[in-house]
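Chain by chain, the residues run as shown.
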Amino acid sequence: MKSIIYRVLLSTLLGAFAMVFWMRIHPEWLSFQEQYQMFLFTGDYMALRLSVAGGVADYVAEFLVQFFYYTWSGALVMALLLVGLQLSVWLISYRLCGEKDNRHYAISLLPSLLMVSYMSDPGVMPTYLVTLIIALLCVWGYAAIEKHREYVQVALIPLVYWMTGYGVFVYAILSLVYDLVKGGVTKRNLIFAVVHIIVVALSVFVATRSYMVRYTMHDILYGVNNYRERFVTPSMQHWIAVSVVVIPILVLALSKLKYVVISAVEVLCALALGYWTTNQYSPMIWQQLKLDYMVRNQRWNAVLNTAKMGMPQTPMSCTAVNLALGMKGQLLDNMFAYYQCGQDGLISRFDRNMVACTITAEACYHVGLINAALRYNYDLQEAIDNRRKSCRFSQRVAEGYIVNHRYDVAEKYLKRLRATLFYSDWAKDATTYLYDDAKVDAHPVWGKLRKYQFADQELNSFSDMDMMLYRLYDHCKENKLALDYALACMLLNRDMDKFNEYYELRK
Amino acid sequence: MRISIYIISLALFFAAVGCASRPSEYEKLEVEAPIFPDYAGVTIPARIAPLNFNVDGAEKVWVDVKGSIGGEMSGSGDWAVFDIEEWGELTEKNKGGVLVYDVYAKKDGNWVKYKPFEISVSADELGEYGLTYRRIAPGYEVFSDIGIYQRDIHTYEEEAIIDHRSAPGECMNCHVSNRTDPRQMQIHFRGVHGATLVQVDGQRKLLNTVTDSTIANCMYPYWHPSGNYIAYSLNLIHQCFNESNHKFIEVFDKASDALVLDVRTNQLVLTPAIQTEDFESYPVFSADGKKIYYCTSKAYRGPEECDKIRYDLCVIDFDEETGHTANVADTLIKASAEGKSITHPRPSYDGKWLLYSEADFGVFPLNHPESELWLMNIATGERKLLKNANSDGAESYHNWSVNSKWIVFCSRRLDGVTNRIFITHVDDEGNSTKAFLLPQYNPKEYYENMIQAYNTPDFTLEKVELDIRPFIEELYSDKRIQVTIK
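I will try to describe carefully the structure that is included in this document. (Residues numbered from 1 in each chain as written. Chains lettered and ligands numbered in written order. Predicted model: local features only at pLDDT ≥ 70, side-chain atom pairs only at ≥ 80, totals over all residues. Heavy atoms only, no water.)

Moving on: the overall build of chain A. Across its full length, chain A holds 27 helices and zero strands. Residue burial in chain A is summarised as follows: out of 507 residues, 60% are buried. Put simply, 71% of the contacts in chain A that link residues at least 6 apart link residues at least 24 apart. Of the roughly 20,500 Å² that chain A leaves accessible, carbon and sulfur atoms contribute 63%. (Helix = DSSP H or I, 4+ residues; strand = E, 2+ residues; numbered from the N terminus. Buried < 20%, exposed > 50% of the residue type's maximum accessible area, 1.4 Å probe, protein only. Contact = heavy atoms within 4.5 Å. Areas by Shrake-Rupley, 256 points an atom, 1.4 Å probe, with all protein chains shown as cover.)

Okay, structure coming up:
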């Protein structure tokens, strides 16, 4: 009974840690993951995902990541996944030891804590976490089979490869270890081990010649979506895989040692590791992403409060602060109370990556440069490293096309969004605006954006940004934010004569 | 258990039969069927993939097709679906005739019958295997899902020649074969592993076309009929963005020249006549290989002056022995004087026609809704608007079939933003027919879901063969043959 309480306590502690971590410390991590994918409830989408090795894990992960839309549900999903990984490792350790040995339960926390640390890298995908869980559960399932194990294994390995891709190596090694530990190092088992390795190699080879023929060897060996960037696999991915393989063996070895001291050390180590993981999230990266998360949710006060506490001095964070100030009508009064980096801190040129201009895209949207907002959001979506689509950016793209009367094109994006879980209602509502100019004109945001939009040709120009923004205001005098941005631009360009001339208009 | 399986099977069978029978009771309407794509009145080649279509608002569709020369068939389902074999035989039998369509649609539980419409089947063959094209998101500065594909035009089968899965991060463009024959082809790659692939009879080489003596990489290509040369333009391409809702984007060159690559020696042949201070672009060889047609404009500063850039159509003699052009070019059409800009000249392979795009200004007509396709009779200089093939949307990226009877081109007529592939027939007088949208199995679903745009479509005589894995290894090895100057 005591041991059950001990196990439940440790697992609950891990889950609680994960909940607090993602709800309170790094909610932007959830938003970041969620905004760079678009899970569709369509047969085509499922077929597309399942057509590659590792596709099942990827599909499951994407299904789960959509729940990151809400912080609480995202944190819950992450807590469940991390506890799931820990329990999977433990279940295999338990099978390997062959007895109810709970003494080294704390060691099973290690891969989950390493995973939290590893996920401080924005490129790490939750797919990897799901990959490991599926692979471990397959080992656990395999260990439960009693008859015709050899035949089952020959069928299971290609299946596990198809489901998890890279996870097949974890599966193959652990199931091999299991067989050798349980059955002993007999001639039969050694022959089977060789067969085992041949089947793994064959599974990979068949993939290269058939359903993965168009993919690179890197994708085939390390997974299509374990890491967001193609051709990159951080060594930590391998170390975590090694940890889930080694821990059951370690538990087996440790089970012969005195338990009280060892267990206490293990618990202490787990706690220390837990603390260490929380410090792996680079403030430079995650503070900026937190600002983006706040801008996305239009939490302008939160942006300014975060900035007051200190923030990275980058154009991205500067853009967030200036936008928040602008939205609160304080841009010209308070902008120099914060870090400034010139005109780029208002609206910067598009930088060809998926992060740098997310806030600029929002600034363009709010200031009334709807075509620029459309363009930035479009290219942000196209810049996603793993070529996935984004509900967030698609929403803005659809809005851009609606404001521009391009209903046919907007409909394509809305159709996609209608097939999602959390954007479906918004898309259904937006669909009712299509081909109805009067209704769009009456929309509180789109109608306003239509009024703001230039009537005549106006080429977007960075060298002439202040005057372009002024002309935007001049075209529709309701657009005070455009005037503030124009004046702020003049200030940042140190053009005081121009500023004084146009500042009068503000009065 | 077994009995219930039989009952379910029988129910499904009868349900299927019920769906697949011609409606006996219907209301006759005197309006044309609201079908997508709009295939009514188009002209098709025999054995093209069946022109399946959707009827707006229909729960079920039944279509009878009768050939004016003979034969008939039916198609049915949630949309009009036709059997490929049966369709092929019917179109073959009715070459030079028409197919008459009777369309029945079930709407709100009741069947209606629309006014019949016709499709003409040309006597002219389209014997090619299919099409090649690039698919890319119609974005601005970044691309993700990009690829060069080939499509069997007699079925719906499409496959990648090379795409983002094999070469992530690489921009690939301008897949061009020699007179539709893929045994001689070239593809550009841009990015970290940039190169120009030239493949002749399965032997491929990867070229680095940047030199100290030229302004940029080789860009828009066109093969010499002998296969010994490729004409290129070198373009410093830029784009600017519009904040009003008229046009989103304008593409312009800051500089451009034309030249010829000797494929045998990997040498660029420079000629002052087509490398002037002005802009020269889109060079193409005449059908006999003795001339180069190209477009030229005065050099204007962009983006402020990009609406002044107007290209004229010129021609210059080409010496196949030396690879050099003559020193003086002739202006065939002084479009700038008419306030127009001509781009993308494409001579027909029989030497009779010159097909080109005409817009109000600029070098990239697909961003211009006013862009239209025109034909020029090379012998007489007479110009003809392809009235039936054009639309209110932009048209460009056109190419000829090997028999010079069919034109494939891109048009933005469907939504104003996304290029789609259309095919039209041109008769001996240079008259075009109403163009038809590239057939798909379920056209409405396909085109509604497809966010990517098509560009640079061309016919391909046979299936393109590119051994992808060894090729990718070569591409990523960064081993290149440096072109030299002749």
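Here we come to the overall build of chain B. Check the secondary structure of chain B and you find four helices and 35 strands. Relative to the compact-globule value of 23 Å for 486 residues, chain B shows a C-alpha radius of gyration of 24 Å, a close match. C-alpha atoms of chain B, sized along the principal axes, occupy 80 × 55 × 45 Å. Within chain B, buried positions represent 57% of all 486 residues. Intrachain contacts of chain B at a sequence separation of at least 6 include 58% that bridge at least 24 residues. Surface exposure of chain B reaches about 19,000 Å², of which carbon and sulfur atoms provide 50%. (Rg over C-alpha atoms; globule rule 2.2 N^0.38 Å.)

Turning to the interface of chain A and chain B, a few remarks are in order. Listed by partner, the interface residues are 45 residues for chain A and 41 residues for chain B. Each partner contributes to the roughly 3,900 Å² buried at the junction of chain A and chain B, and carbon and sulfur atoms together form 49% of this total. Considering only the surface of chain A that becomes buried against chain B, Arg 214, Arg 406 and Lys 412 of chain A emerge as the three largest contributors, covering 20% of it. Across the contact surface, chain A and chain B share four salt bridges. Of the charged contacts in the structure, one is a salt bridge between Glu 448 of chain B and Lys 415 of chain A, with a shortest N-O distance of 3.1 Å. Linking chain A to chain B there are 26 residue pairs in polar contact (both at pLDDT 80 or more). If you list the elements that add at least two residues to the side of chain A that touches chain B, you get α11 (217–222), α19 (370–382) and α21 (407–418) of chain A. Among the elements that take part in the side of chain A that touches chain B, α19 of chain A stands out by supplying eight residues, more than any other. (Buried area = accessible area lost by both parts, 1.4 Å probe. Salt bridge = Lys/Arg side-chain N within 4 Å of Asp/Glu carboxyl O. Polar contact = N/O pair within 3.5 Å; in protein donor to acceptor, adjacent residues only side chain to side chain.)

All names here are of chain B. With respect to topology, four strands assemble into an open sheet ordered β12-β11-β10-β33, the strand pairing being antiparallel. Two strands bound the open sheet, and with one partner strand each, they are β12 (158–163) and β33 (453–460). With strand direction ignored, the average angle separating the axes of adjacent strands in the sheet is 25°. Pairing geometry for strand β11 (residues 147–152) and β12, over five bridges, is antiparallel. Across the sheet, the residue bridging to Arg 151 is Glu 158, located in β12. (Pairing = 2+ DSSP bridges. Axes fitted to C-alpha atoms, helices over the stretch in contact; angles between N-to-C directions.)

Attention shifts here to the pairing of strand β23 (residues 312–317) of chain B. All names here are of chain B. Counting buried positions along β23 yields five of six residues, so the element is predominantly enclosed. Two strands pair when backbone bridges link them, and strand β22 (residues 291–297) and β23 are joined in this way by six bridges, in the antiparallel orientation. Looking at the pairing, Tyr 294 lines up with Cys 314 of β23. Where β23 lies against strand β24 (residues 330–333), three bridges are found, and the strand directions are antiparallel. Note on β24: the bridge partner recorded for Cys 314 is Thr 331.

Further remarks concern the packing of α19 of chain A against helix α20 (residues 391–403) of chain A. Geometry of a packed helix pair, given as the angle between the helix axes and the separation of the axes. Residue and element names in this part refer to chain A. Contact geometry of α19 with α20 gives a least axis separation of 8 Å together with a crossing angle of 145°. Regarding α19 and α20, the two cross each other, and that crossing is left-handed. Contacts between α19 and α20 involve Ile 370, Leu 374, Asn 377, Tyr 378, Leu 380 and Gln 381 from the former and Phe 393, Ser 394, Arg 396, Val 397, Gly 400, Tyr 401 and Val 403 from the latter. Each residue belonging to the contact of α19 with α20 can be placed in one class, and the counts come to eight nonpolar, four polar and one charged. (Left-handed = near helix turned anticlockwise from the far one by under 90°. Nonpolar A, V, L, I, M, F, W, Y, C, P; charged D, E, K, R; others polar.)

Here we take up the nonpolar core. Core analysis: the biggest nonpolar cluster contains 183 residues, and Trp 22, Met 115, Ile 347, Leu 369, Tyr 401 and Tyr 485 of chain A have the highest contact counts within it. When residues of this core are assigned to their parent elements, the largest contribution, 12 residues, is made by helix α5 (residues 71–97) of chain A. Not counting residues within four places of it along the chain, the set of residues in contact with Tyr 401 of chain A comprises Leu 374, Tyr 378, Arg 406, Tyr 407, Val 409, Ala 410 and Tyr 413 of chain A together with Tyr 140, Phe 248 and Val 417 of chain B. (Core = buried A, V, L, I, M, F, W, Y, C linked by side-chain atoms within 4.5 Å.)

All names here are of chain A. Within the element layout of this structure, Lys 290 appears in helix α14 (residues 283–296). Of the side chains with opposite charge, Glu 28 lies nearest to the buried Lys 290, which makes no salt bridge, at 4.0 Å. Once residues lying within four places of it in the same chain are set aside, the contact partners of Lys 290 are Ile 25, Pro 27 and Glu 28. (Lys, Arg positive; Asp, Glu negative; His and termini not counted.)

Time to look at a nonpolar patch on the surface. Residues and elements named next belong to chain A. Residues Met 23, Tyr 69, Tyr 70, Trp 72, Leu 76 and Leu 80 make up a contiguous nonpolar surface patch of roughly 600 Å² in combined accessible area. Relative to the elements of secondary structure, Tyr 69 occurs in the loop between α4 (55–65) and α5. Residue Tyr 69 is classed as partly exposed on the basis of its relative accessible area, which comes to 33%. (Patch = residues over 30% accessible without salt bridge, like charges linked within 9 Å, V, L, I, M, F, W, Y side chains within 5 Å.)

Considering all chains together, one arrives at 46 salt bridges over all chains under this definition. Among the salt bridges present, the one from Glu 382 of chain A reaches Lys 389 of chain A, with a minimum N-O distance of 3.0 Å. A single burial state applies to Glu 382 of chain A and to Lys 389 of chain A, both of which are buried. For the salt bridge of Glu 125 of chain B with Lys 95 of chain B, the shortest nitrogen-to-oxygen distance reads 2.5 Å. One end of the pair, Glu 125 of chain B, is in the loop between β9 (117–121) and β10 (130–136); the other, Lys 95 of chain B, is in the loop between α2 (84–93) and β7 (98–107), with 30 residues separating them in the sequence. Residues joined by salt bridges that share partners form a network here, namely Arg 49, Asp 58, Glu 62 and Arg 388 of chain A.

A separate point is the sheet that holds strand β29 (residues 395–400) of chain B. All names here are of chain B. With antiparallel pairing, four strands are arranged side by side in an open sheet as β29-β30-β31-β32. Two strands bound the open sheet, and with one partner strand each, they are β29 and β32 (436–437). Where strand β31 (residues 420–425) and β32 come together, two bridges link them in antiparallel fashion. Each residue of the ladder has a partner; that of Ile 423, found in β32, is Phe 436.

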